[in-house]
Amino acid sequence: MLLPIVAYGHPNLRKICVDIGKDYPELEKLIADMFETMYASSGVGLAAPQVNLQIRLFIIDAKPYSEENPDKEAFKNVFINAHILKEEGEPWTFSEGCLSIPDIHETVERKPKVRITYYDESFVFHDETYDGFIARIIQHEYDHLEGILFVDKINPLRRLLLKRKLQDITKGDIDVAYKMVFPLLKRRP
Ligand code: ZN
């Protein structure tokens, strides 16, 4: 089932998400729906708050990226109750986008290496270190769990220049190919 994606400006994208238990209702279905939604909107990652759930869950499938960059291996994973323990290395920049912020791509600086603990979809615990592009997707999705969006991390002048565009997204004044929830959409009679 396709889930509507919450657009920039929605207060629920700004909440700190909570851990869940094994018994979280219909978790398997939720994860399947999130993958379906992410593929339908051509994303490489999707975090629970983007489908209006304030829980520490995100999914990643970097296949589109690895197809464009054959030197990069494919990566697909589910992160439940994710907690970053450490980020390290010399920060590097990359142009990021977000399904909650359509049509905006901006350069974001992040550290290249991340150590994260999480449970997979079978609720097996993992303590792993990632680097490069996979680390970057993890950091972007993880930020959603902390109520942080990539536009918070860009140059303040760039953000000022994007203000109007961001307001348009909040109002639903954009063309987007997937279903979204816009916080300030004026309902037609
Ligand atoms: Zn995002």
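Residues numbered from 1 in each chain as written. Predicted model: local features only at pLDDT ≥ 70, side-chain atom pairs only at ≥ 80, totals over all residues. Heavy atoms only, no water.

A.B. asks: How should I be thinking about the overall build of the protein in this particular structure?
C.D. replies: Regarding its fold elements, the protein presents 5 helices and 9 strands. Ordered by position in the sequence, the α and β elements of the protein form the string β-α-β-β-α-β-β-β-β-β-α-α-α-β. Along the first, second and third principal axes, the C-alpha atoms of the protein reach 50 × 40 × 30 Å. Looking at the protein as a whole, 48% of its 189 residues qualify as buried. The contacts of the protein with a sequence gap of at least 6 include a subset with a gap of at least 24, amounting to 66%. Split by element, the accessible area of the protein, about 10,200 Å² in all, is 51% carbon and sulfur. Each charge class in the protein can be summarised by its mean position, and for the 25 positive and 30 negative side chains these summaries are 8 Å apart. (Helix = DSSP H or I, 4+ residues; strand = E, 2+ residues; numbered from the N terminus. Buried < 20%, exposed > 50% of the residue type's maximum accessible area, 1.4 Å probe, protein only. Contact = heavy atoms within 4.5 Å. Areas by Shrake-Rupley, 256 points an atom, 1.4 Å probe, with all protein chains shown as cover. Lys, Arg positive; Asp, Glu negative; His and termini not counted. Charge placed at Lys NZ, Arg CZ, Asp CG, Glu CD.)

A.B. asks: Would you mind showing me how to read the packing of aromatic side chains here?
C.D. replies: Here the distance between the centres and the angle between the planes together describe a pair of aromatic rings. Using the criterion set out here, one finds 10 aromatic pairs in the structure. Summarising the aromatic geometry, the rings of Phe79 and Tyr130 are spaced 6.2 Å apart at their centres and angled 70° between planes, so their arrangement reads as edge-to-face. Of this pair, Phe79 sits in strand E4 (residues 76–88) while Tyr130 sits in strand E8 (residues 125–131); the two residues are 51 residues apart in sequence, bridging distant segments of the chain. A cation over a ring is seen here: Lys76 above Phe35, with NZ or CZ 4.7 Å from the ring centre. Just above the ring of Trp92 sits the side chain of Arg136; from NZ or CZ to the centre is 4.3 Å. (Phe/Tyr/Trp six-rings, centres within 6.5 Å; stacked < 30°, edge-to-face > 60°. Lys NZ or Arg CZ within 6 Å of the ring centre and 35° of its normal.)

A.B. asks: Looking at this model, I keep getting lost on the pattern of salt bridges. Mind explaining?
C.D. replies: Close approach of charged atoms lets side chains of opposite charge pair. Per the stated rule, a full pass over the model turns up 12 salt bridges. The residue Asp19 makes a salt bridge to Arg56 at a minimum N-O spacing of 4.0 Å. Taken together, the positions of Asp19 in the loop between strand E1 (5–6) and helix H1 (27–40) and Arg56 in the loop between strand E2 (45–47) and strand E3 (57–61) put the pair 37 residues apart, joining distant regions of the chain. The partly exposed category is assigned to Asp19, whose relative accessible area is 41%. The partner of Glu106 in a salt bridge is Arg158, and the shortest N-O contact between them spans 2.6 Å. (Salt bridge = Lys/Arg side-chain N within 4 Å of Asp/Glu carboxyl O.)

A.B. asks: Sorry if this is basic, but what is going on with the pairing of E3 here?
C.D. replies: Residues in a regular strand point their side chains to alternate faces of the sheet. For E3, a buried count of 5 out of 5 residues is recorded, marking the element as mostly surrounded by other parts of the structure. Along E3, one buried face is formed by Leu57, Ile59 and Asp61 and the opposite face, lined by Phe58 and Ile60, is buried too. Here E2 pairs with E3 via 3 bridges, running antiparallel. Each residue of the ladder has a partner; that of Gly45, found in E3, is Ile60. With 5 bridges joining them, E3 and E4 adopt antiparallel strand pairing. (Pairing = 2+ DSSP bridges.)

A.B. asks: So what exactly am I meant to see when it comes to the coordination of the zinc ion here?
C.D. replies: Around the zinc ion, the protein contributes the donor atoms Cys98 (SG), His140 (NE2) and His144 (NE2), which lie 2.0 to 2.3 Å from the metal centre. Between consecutive donors of the zinc ion, the numbers of intervening residues give the motif C-x41-H-x3-H. Of this pair, His140 and His144 both sit in helix H3 (residues 132–145), 4 residues apart, which is roughly one turn of the helix. (Donors = N, O, S within 2.8 Å, 3.2 Å for Na, K, Ca; no water.)

A.B. asks: What am I meant to see in the side chain of Glu141 here?
C.D. replies: If you trace the backbone, Glu141 turns up in helix H3. One buried charged residue, Glu141, forms no salt bridge at all, with the nearest opposite charge on Arg110 at 8.4 Å. In contact with Glu141, other than residues within four places in its own chain, are Gly45, Leu46, Ala47, Gln50, Phe58, Ile59 and Ile60.

A.B. asks: Just to check I follow, could you spell out a nonpolar patch on the surface for this structure?
C.D. replies: A cluster of nonpolar side chains, namely Leu157, Leu160 and Leu161, defines an oily patch on the protein surface of about 350 Å² accessible area. Leu161 sits in the exposed class, given a relative accessible area of 59%. (Patch = residues over 30% accessible without salt bridge, like charges linked within 9 Å, V, L, I, M, F, W, Y side chains within 5 Å.)

That's the geometry; what it means functionally is another story.
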